[in-house]
Amino acid sequence: MKLKQYAMAMSMLSLLPFSTLAHNMPEKSFLGTIQLKNYRKEMQKLRHMDLDVAGVDLKEKKVDLILTPEQRDSLRKLGYEIQINQTKNLKRGPDEEYKSPSEIETILKNWNSKYPEITKLEVIGKSSEGRNIYALKISDNAKLNEPSEPSILFNSMHHAREVMSPEVSLDIIEQLVTGYGQNKTYTQYVNNNEIYVVPMLNVDGNAKVWTGSSMWRKNTNYGHGVDINRNYPYKWGKCRGSSGFKWSDTYRGPKAGSEPETKALMNLVKRIRPVFDISYHAYSELVIYPMGCNGERASNREIVESIGHKLGELVDYAPGTAWELLYSVDGSDIDWMAEEYQVIPYVLEVNSRAEGFQPNYQEWREKTVVRNRPAWQHLLTRLDGSGVRGQINGLSQETLTVEKIVGEKSSTIQRYKTNNEGRFHLVLKPGLYNLKYQVSGKNMEKKVEVFDKRINISL
Ligand SMILES: [Zn+2]
């Protein structure tokens, strides 16, 4: 097919309700791979066609898709050659060493009873099927709330089939609790910060993965389920980065923030106000930072993107926004966290196309968690790097405007929402800044010089 005909066919097809064909016979689905030429453009088209993209290989411009026979035929009509992967039998299911919701529960309870001083187990919500969603807090004096210590969040498994993602969270926990008092760096991480780990957010979806639906992605609410990582309220359904069709694998849900899992994570973020977050997913070896809609950037791009690139370097994953690396995404957790609470959040897509969603456990578990350690360690170290932490007494509004001063000029680089006690933690590059805020209705400002280490101020 000539290029132009191909482009026309693509644009016509994007208007069809593709998903009506797609999701009624999941038992016949299979994994197919296509080769792209114009990666960015074609990826956006695949998104608009509501296809279930399993993962990508950026270098080779290859895309894995979970396809029904109808979708395969339609793609063939568009001129795509589909390589069907016989070795990855979707029916096989994950190796049994991967964790179920009840195994996660047992593991967390065990760590908590073994290390009661430095851990606290919290139920942060219940799924629609009534399962507990857990967070393990790791800190010295874990049972106390120590607001002077910054929080950091690691969460896994928004998507049920991505069974390697909880392993990374479990490894973070194991490293920190068993290293406490043994390893100097880990001991400092635990002493100086409040670390929250949510190893399995989508507990119902995962239970379904273990009962024959190994490629299940969403939660199980309403029978058809919702993609909880398209359900967060920021720009929900705004840029064709999700689906309004309930059988689609990227269905955004009936309302913004409608899902119990979404609410659980939102309430946790609102309460703990993490400085950084990593949301672990699989697969494609990417570091994704906000924002998700085509062409949009994080409001404090300078910080968000430079740290994202550093993480990419440390684990050898490709960094970028979702729309640069994959396609537009709306209603995601990282966009909501960044905009609502100025969290500096990342998605790490662990494993490559060769491993897929459910790689051989014995072969890949250790390699994957070890490879990912430098990234979460870097963020824990960065909490003590250049920036300003503190509290504003008697704050009138929870808004702190941060201006960067260069020579005679100053420009606003961030509007930060403090918590209701006026606490803030700004991650900044070394330099001169002006902090503007209001106390009892009066405009105040404070000039601060930031060096390599984080400073504490009280205003
Ligand atoms: Zn995912």
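Everything discussed here concerns the structure shown above.
This structure is a prediction, so every number in the text was calculated from the model and none was measured.

### A few points about unusual backbone geometry
Excluding glycine, residues mostly have negative phi values, and the peptide bonds linking residues are mostly trans. Residues alanine 282 and tyrosine 283 are joined by a peptide bond in cis, for which omega reads -5°. When you line up the elements, tyrosine 283 lands in the loop between strand E9 (276–282) and strand E10 (286–289). Each neighbour pair has its own omega, and for proline 290 with methionine 291 the value is 10°, a cis peptide bond. One non-glycine residue, lysine 61, adopts positive backbone phi at about 55°. Tracing the sequence through the fold places lysine 61 in the loop between strand E2 (52–57) and strand E3 (62–67). Phi angles above zero are rare outside glycine, and aspartate 316 is one such case at about 60°. Structurally, aspartate 316 can be placed in the loop between helix H10 (301–315) and strand E11 (318–321). Classification of aspartate 316 by relative accessible area gives exposed; the value is 58%.

### Quick word on the packing of aromatic side chains
For the coordinates displayed, the defined rule picks out seven aromatic pairs. Their ring planes at 35° and their centres at 6.1 Å tell us that tyrosine 232 and tryptophan 336 sit as a pair that is tilted. Of this pair, tyrosine 232 sits in the loop between helix H8 (203–209) and helix H9 (260–272) while tryptophan 336 sits in helix H12 (residues 333–341), and the two are 104 residues apart along the sequence. Linked through ring pairs, Tyr186, Tyr189 and Trp376 together constitute an aromatic cluster. The residue whose ring lies beneath arginine 252 is tryptophan 236, and the NZ or CZ to ring-centre distance is 5.9 Å.

### Thoughts on the coordination of the zinc ion
Only His159 (ND1), Glu162 (OE), Glu162 (OE) and His281 (ND1) from the protein coordinate the zinc ion, and they sit 2.0 to 2.4 Å from it. Taken together, the four donor atoms coordinating the zinc ion span angles of 56 to 149° at the metal, a pattern that classifies the geometry as irregular. Counting residues between consecutive donors of the zinc ion along the chain gives the motif H-x2-E-x118-H. Note that histidine 159 is positioned in the loop between strand E7 (151–156) and helix H6 (165–179) and histidine 281 in strand E9, a separation of 122 residues in sequence. In this pair, the class of histidine 159 matches that of histidine 281, namely buried.

About the thresholds
- Counting from 1, residues in each chain are numbered in the order their sequence is written.
- Local features are withheld for residues below a pLDDT of 70 in this predicted model, meaning they are given only at 70 or higher, and side-chain atom pairs are given and counted only at 80 or more; totals for whole chains, interfaces and linings count all residues.
- Working from all heavy atoms in the structure, the side-chain values ignore hydrogens and water.
- Here a helix means four or more residues in a row that DSSP labels H or I, a strand means two or more in a row labelled E, and each is numbered from the N terminus.
- Throughout, exposure labels follow a simple rule: accessible area from a 1.4 Å probe, protein chains only, divided by the maximum for the residue type, with under 20% read as buried, over 50% as exposed, and the rest as partly exposed.
- Each Phe, Tyr or Trp ring, with Trp reduced to its six-membered ring, pairs with another whose centre is within 6.5 Å; inter-plane angles below 30 degrees give stacked pairs, above 60 give edge-to-face pairs, and intermediate values give tilted ones.
- Geometrically, a charge over a ring is one whose NZ (Lys) or CZ (Arg) sits within 6 Å of the ring centre while staying within 35 degrees of the ring normal.
- Donor atoms (N, O, S) are those found within 2.8 Å of the metal centre, with the cutoff raised to 3.2 Å for Na, K and Ca; water is not part of the atom list, so apparent gaps in a site can occur.
- Note on geometry labels: four donors, all angles 85 to 135 degrees, give tetrahedral; four donors become square planar and six octahedral when opposite donors are over 155 degrees apart and every other angle is between 65 and 115; remaining cases are irregular.

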